[in-house]
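Given next are the chains, with one letter for each unit.
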Amino acid sequence: MQTVNYQLKHKLISNEYKPAYKLARKIFGNLEGRVLDYGCGIGKSSRLLIKWGAGSVLGVDSDETALDRAKRYKNNGIEYRLISKNDLSDVDGHFAAAFSSFVTVEISTKDELKRMANAIYDKLVSGGTYIMIAHNEDAVPYESPMISIRGVNGFNNQSGQQLDVEVRTSPPMYFRDYYWKITDYKEVLENVGFKIEEISTAKPEEGKDISPFIVIKAIKE
Ligand SMILES: C[S@@+](CC[C@H](N)C(=O)[O-])C[C@H]1O[C@@H](n2cnc3c(N)ncnc32)[C@H](O)[C@@H]1O
C-alpha cells in the first residue's frame, strides 16, 4: 500500500464522511447567526459551518492539541476554546444553533452524553437547532474499503459497547468509539428538554446499501 501524507489522508477520510456532512448541511437549511461547534477537533466542522452560512462559530473541544492544530488554518469568523467536563459556563451568551459531528460516538457513558446535551441545551436560544452526526446503529458492524467499525471482542448490540474504528489509510488510523442507539440519543436529548424533529440516514457510499452515519435534528423548545 502507498503511504499517504496527512493532507491526502484527511481528504480520503473526508470523502468517506462527506455524505453525513452533506446531510447535516441540508437539514440545517439556512444557517445564520452564532453557532456552537461542540467537539470541533482540528476545526474542519467549524470551517464547514462558516461555509454553510454561520455568522460566527465558537469551536470547543477538550483536546488542546487538536485546538492548536485548528488554529493554524484560515479561521475567519471562528474562535476556539478549550473546555473540560462538558462545562460551558464560562462561555458568554447564547447560540442560534449547535453542531456536534462524530463527537457523541467518542463518549463512553450515558451520563456524560446527558451532561453534553445539557450544556448544549443551556447555550442555545429558545427555538435553537442542534444537529448531531452519529453512528447508524443498523449499519454497525460496518466494513467498506475505507472504514471498518466493529465491536471490540465481537459485536453484542449493547448500548455503550466499545467499538474499534479503523480508517484504512496507509498507515491505518484507529479510533475507539462507543455504540449508541437511537433510543439512547432520544432518551438523552428529550431528558434535557430537546424535541427531536428529524432522524435521517446519510447516503450510502457507492456499492453499499446502508450508510454508517445518521443525522439527528433536535430543537430547544
Ligand atoms: C472525531 S473528532 C470530530 C471533530 C469535528 N467535529 C469534525 O467533524 O471533524 C471528535 C472530537 O470530539 C472531541 N470530544 C470528545 N468528547 C468530548 C467532550 N466531552 N467535550 C469536548 N470535546 C470532546 C474530541 O476531542 C475530538 O476532537
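These notes cover the structure that comes with them.

Reading the values: the criteria
Residues numbered from 1 in each chain as written. Predicted model: local features only at pLDDT ≥ 70, side-chain atom pairs only at ≥ 80, totals over all residues. Helix = DSSP H or I, 4+ residues; strand = E, 2+ residues; numbered from the N terminus. Rg over C-alpha atoms; globule rule 2.2 N^0.38 Å. Buried ≥ 20, exposed ≤ 12 C-beta atoms within 10 Å, placed from the backbone. Contact = placed C-beta atoms within 7 Å. Expected span 1.5 Å × (residues − 1). Arc of directions from axis to C-beta. Pairing = 2+ DSSP bridges. Axes fitted to C-alpha atoms, helices over the stretch in contact; angles between N-to-C directions. Near = placed C-beta within 6 Å. Nonpolar A, V, L, I, M, F, W, Y, C, P; charged D, E, K, R; others polar. Right-handed = clockwise from strand over helix to strand, strands pointing away. Core = buried A, V, L, I, M, F, W, Y, C linked by C-beta atoms within 7 Å.

1. Things to note about the overall build of the protein
Secondary structure assignment for the protein yields five helices and 11 strands. Taking 221 residues into account, the globule formula puts the C-alpha radius of gyration at 17 Å, and the protein, at 17 Å, falls close to it. If one aligns the C-alpha atoms of the protein with their principal axes, the spans along those axes are about 50 × 40 × 30 Å. Burial analysis of the protein (221 residues in total) assigns 36% to the buried set. A separation threshold of at least 6 residues defines the contact pool for the protein, and within that pool the share at least 24 residues apart is 59%.

2. Comments concerning helix 4 (residues 110-123)
For helix 4, which comprises 14 residues, the first-to-last C-alpha distance of 20 Å matches the rise-based estimate of 20 Å (1.5 Å per residue) to within 8%. Residues of helix 4 that are buried: Leu 113, Met 116, Ala 117, Ala 119, Ile 120 and Lys 123. What you see down the axis of helix 4 is that its buried residues fit within an arc of 160 degrees, all on one side. For helix 4, the secondary structure elements touched by its buried residues are strand 1 (34-38), strand 4 (95-101), strand 5 (124-135) and helix 5 (182-192).

3. So, unusual backbone geometry
Residue Pro 141 is reached from Val 140 by a cis peptide bond, and omega for that bond is 0 degrees. With respect to the helices and strands, the residue Pro 141 is situated in the loop between strand 5 and strand 6 (142-143). A positive phi is found at Phe 102, a non-glycine position, where the angle reads about 60 degrees. Within the element layout of this structure, Phe 102 appears in the loop between strand 4 and helix 4. Phi is positive for Asn 153, which is not a glycine, with a value near 55 degrees. Tracing the chain through its elements places Asn 153 in the loop between strand 7 (147-151) and strand 8 (161-167).

4. Remarks on the sheet that holds strand 1
Overall, mixed pairing links the seven strands, which are arranged 3-2-1-4-5-11-10 in an open sheet. Edge positions in the sheet fall to strand 3 (78-82) and strand 10 (194-201), since each of these pairs with one other strand and no more. Between one strand axis and the next, the sheet turns through 20 degrees on average, direction left out of account. Bridge analysis of strand 5 against strand 11 (residues 213-220) gives seven bridges, and the strand direction is antiparallel. From the neighbouring strand, Ile 131 faces strand 11, where its bridge partner is Lys 217. Against the sheet, helix 5 engages strand 5, strand 10 and strand 11, with an angle of about 155 degrees to strand 10.

5. Details of the sheet that holds strand 9 (residues 173-179)
Taken in spatial order, the four strands line up as 6-7-8-9 in an open sheet, and their pairing is antiparallel. In the strand order of this sheet, the two ends are held by strand 6 and strand 9, each with one partner. Across two bridges, the pairing between strand 6 and strand 7 is antiparallel. Opposite Glu 143, over in strand 7, you have Ser 148 as the bridge partner.

6. A short note on the site of the ligand
The ligand sits among 17 residues. The nearest are Gly 39, Gly 41, Ser 45, Asp 63 and Ser 101. Its residues placed into classes, the shell around the ligand shows seven nonpolar, six polar and four charged.

7. Looking at the pairing of strand 5
A large share of strand 5 lies buried, amounting to nine of its 12 residues. A crossover connection joins strand 4 to the parallel strand 5 through helix 4; in handedness this β-α-β unit is right-handed.

8. Topic: helix 5
Along helix 5, the positions that sit buried rather than exposed are Tyr 185, Val 188 and Leu 189. Along the long axis of helix 5, the arc covered by the buried residues comes to 90 degrees, so they all point the same way. Check the buried side of helix 5 and you find it contacts helix 4, strand 5, strand 10 and strand 11. One or two positions beyond helix 5, positive phi appears at Gly 193, with a value near 120 degrees.

9. Description of the nonpolar core
With 59 residues, the main nonpolar core has Ala 20, Val 35, Ala 98, Ile 120 and Val 215 as its most contacted residues. When neighbours within four sequence positions are excluded, Val 35 is seen to be in contact with Leu 49, Ala 54, Val 57, Phe 95, Ala 96, Ala 97, Ala 98 and Phe 99.

10. Some points on the environment of Ile 214
Tracing the sequence through the fold places Ile 214 in strand 11. Between the C-alpha atoms of Ile 214 and Ser 108, which are 106 residues apart in sequence, the distance is 18 Å.

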